[in-house]
Amino acid sequence: MLERIRIVLIGTSHPGNIGGVARAMHNMGLADLALVAPRCEVITQDSISRASGADHLLHQAKVHATLEDAVADCTLAVGASARSRTLPWPMLSPRELADRLPTECQAADARVALVFGREDSGLTNAELQRCHAHVHIPTNADFSSLNLAAAVQVLAYECRMAWLNQAYGQADATATVPSDDLATHAELERYFEHLERTLIGIDFHDPDQPRQLMARLRRLYLRARPERMEMNILRGILSATEKAANIKPPKP
Ligand code: SAH
């Protein structure tokens, strides 16, 4: 999905911003950068230093004379705008845009362009009207214009979250845990038995008056989606607690 997303910059005037965009893209796993009529050199000391190691994106970037050329093969073009325009256009929030990406990127020849404007004057109405939809990053209404590379960073992050969500079914930190490292249902059940036994042994838990204690603890641990290694640490703590409290382990 990320390979099918192109970042298009129109009329950029600061090499440092182009470098900052390359860095933001590479951080989030995007690689397709197109520059429309840049108003500055692309490869400079400034752009290379702001790219911080992502300068291969600058060397690979395609330069086009017009927006039409840059998005000719795109199946969806979305223009990023800091201001609302007089003619209302389909508007998306960054999250709504991200929600559409998995479907939009499904076909093998699908290409999505995210189009960004000039530092001083943004995108013209004519350029915005070449886009299927507009995206606005919610900001302070009195100070709505982000730095170009910062705007790219926000949308690139949303693209990555949508991709993570699609690849792992959840868009949070646990999405990076491969499923064979997660504790299995059986391992969790063994842990819960051990936990209950220990809590009874140290007189914290009275099985005759359970008050949903075990259910609440289950909910806590299941929410954390522990890895096998973490489960082993927790079981080790229980064994040490039993030993310190002179609780005999059950006969096998
Ligand atoms: N001064 C310009 C904004 C330039 S910022 C103006 O008033 O339009 C450079 C580019 O970053 C913008 O053209 C837009 O593509 C993007 N950008 C900046 N802030 C944004 C925001 N809040 N939402 C969406 N895109 C934004």
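Quick caveat, the model's predicted, so the values are computed rather than measured. (Residues numbered from 1 in each chain as written. Predicted model: local features only at pLDDT ≥ 70, side-chain atom pairs only at ≥ 80, totals over all residues. Heavy atoms only, no water.)

In this fold, Cys131 is placed in the loop between α6 (125–128) and β7 (133–135). Residue classification places Cys131 among the buried positions, given a relative accessible area of 4%. In the structure, Cys131 is positioned 35 residues away from Gln166 in sequence and 25 Å away in space, judged by C-alpha atoms. When neighbours within four sequence positions are excluded, Cys131 is seen to be in contact with Ala77, Val78, Gly79, Trp89 and Val115. (Helix = DSSP H or I, 4+ residues; strand = E, 2+ residues; numbered from the N terminus. Buried < 20%, exposed > 50% of the residue type's maximum accessible area, 1.4 Å probe, protein only. Contact = heavy atoms within 4.5 Å.)

Counting buried residues in strand β6 (residues 112–116) gives 5 out of 5 residues, a clear majority hidden from the surface. Every second residue of β6 is oriented toward a common face, with Val112, Leu114 and Phe116 on one face and Ala113 and Val115 on the other, all of them buried. Summarising the sheet, strand β1 (residues 5–10) and β6 pair through 5 bridges and their orientation is parallel. Following the sheet pairing, Ile7 is matched in β6 by Leu114. Two strands pair when backbone bridges link them, and strand β4 (residues 76–80) and β6 are joined in this way by 4 bridges, in the parallel orientation. The residue of β6 that forms the bridge with Leu76 is Val112. (Pairing = 2+ DSSP bridges.)

As for its position among the elements, Thr124 is in the loop between β6 and α6. Each C-alpha atom, one on Thr124 and one on Arg85, is 9.8 Å from the other, the two residues being 39 residues apart in sequence. Filtering out sequence-adjacent residues up to four positions away, Thr124 remains in contact with Arg85 and Arg118.

With that settled, the discussion passes to the packing of helix α5 (residues 94–104) against helix α7 (residues 148–168). Helix-helix packing: each pair is described by the crossing angle between the helix axes and the interaxial distance. As a packed pair, α5 and α7 sit with axes 9 Å apart at the nearest point and diverge in direction by 40 degrees. In terms of their interaxial angle, α5 and α7 are classed as oblique. For the pair α5 and α7, the crossing hand works out as right-handed. Note on element contacts: α7 touches α5 through Leu155, Glu158, Cys159, Ala162 and Gln166, opposite Pro94, Arg95, Ala98, Leu101 and Pro102. (Axes fitted to C-alpha atoms, helices over the stretch in contact; angles between N-to-C directions. Parallel < 35°, antiparallel > 145°, perpendicular 65-115°, else oblique. Left-handed = near helix turned anticlockwise from the far one by under 90°.)

Okay, the site of the ligand next. Lining the immediate surroundings of the ligand are 21 residues, of which Ala80, Arg83, Ile137, Ser144 and Leu146 lie closest. A distance of 2.6 Å separates an oxygen atom of the ligand from a polar backbone atom of Ala80. Within the backbone of Gly117, one N or O atom sits 3.1 Å away from an oxygen atom of the ligand. Starting from 540 Å² of accessible surface for the ligand in isolation, the protein chains cover 92%. Its residues assigned to classes, the shell around the ligand comprises 9 nonpolar, 8 polar and 4 charged. (Near = heavy atom within 4 Å. Polar contact = N/O pair within 3.5 Å; in protein donor to acceptor, adjacent residues only side chain to side chain. Areas by Shrake-Rupley, 256 points an atom, 1.4 Å probe, with all protein chains shown as cover. Nonpolar A, V, L, I, M, F, W, Y, C, P; charged D, E, K, R; others polar.)

Let us look at unusual backbone geometry. Trans peptide bonds make up the majority, and among non-glycine residues the majority have a negative phi. In this structure, Arg211 is a non-glycine residue whose phi angle is positive, near 45 degrees. Along the chain, Arg211 turns up in the loop between α8 (185–201) and α9 (213–224). Even without glycine at this site, Gln212 takes up a positive phi of about 60 degrees. By the secondary structure assignment, Gln212 is in the loop between α8 and α9. In this structure Gln212 comes out as exposed when scored by relative accessible area, which is 51%.

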